[in-house]
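Structural description and commentary
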Amino acid sequence: MRRNLATRLRTRGRSNPMAAHDRLPPRARAWVAQAALPWSAASVARIWARALRETGCEKVALARLDAAEARALARDRAGFGPVAV
């Protein structure tokens, strides 16, 4: 498939997910490693940074990541409803 290379439109920068993961603080990386859901480094970094900005405490940041994952798991379970046999 040919691409239109003559365009002047800006292209989106390609991000490197592994580099983004490596930039996470060590405790956040450890949390991602044991998480039940596949989290993006951007999502984890956003939750982590906000918690540290508001409280300055890594324990609170970890608790907020746990709470976010619990909410996501609850939404996932609610979407499946009862199973008919």
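Counting restarts for each chain: residues are numbered from 1 in the order of the written sequence. Local features are withheld for residues below a pLDDT of 70 in this predicted model, meaning they are given only at 70 or higher, and side-chain atom pairs are given and counted only at 80 or more; totals for whole chains, interfaces and linings count all residues. Heavy atoms throughout the structure, all of them, feed into the side-chain values; hydrogens and water do not.

A word on helix α2 (residues 26-34). Think of it in three bands: with a 1.4 Å probe and only protein chains considered, a residue is buried below 20% of the maximum accessible area for its type, exposed above 50%, and partly exposed in between. Each helix is a run of DSSP H or I of at least 4 residues and each strand a run of E of at least 2, with the numbering of both proceeding from the N terminus. Those residues of α2 that fall on the buried side of the exposure criterion are Ala 28, Trp 31 and Val 32. Along the axis of α2, the buried residues cluster in a sector spanning 100 degrees; they form a single face. Opposite the buried face of α2, by more than 90 degrees, sit the exposed residues Pro 26 and Ala 33. It is the directions from the helix axis to the C-beta atoms that the arc portrays.

A few words now on the nonpolar core. In plain words, nonpolar cores are sets of buried Ala, Val, Leu, Ile, Met, Phe, Trp, Tyr and Cys residues tied together by side-chain atoms within 4.5 Å. Leu 24, Ala 28, Trp 31, Val 32, Ala 35, Ala 41, Val 44, Trp 48, Ala 51, Ala 61, Leu 62 and Leu 65 form the largest nonpolar core, which has twelve residues in total. Breaking this core down by element, the ones donating at least two residues are α2, α3 (41-55) and α4 (58-80). In terms of residue count, α3 provides more of this core than any other element does, four residues in total.

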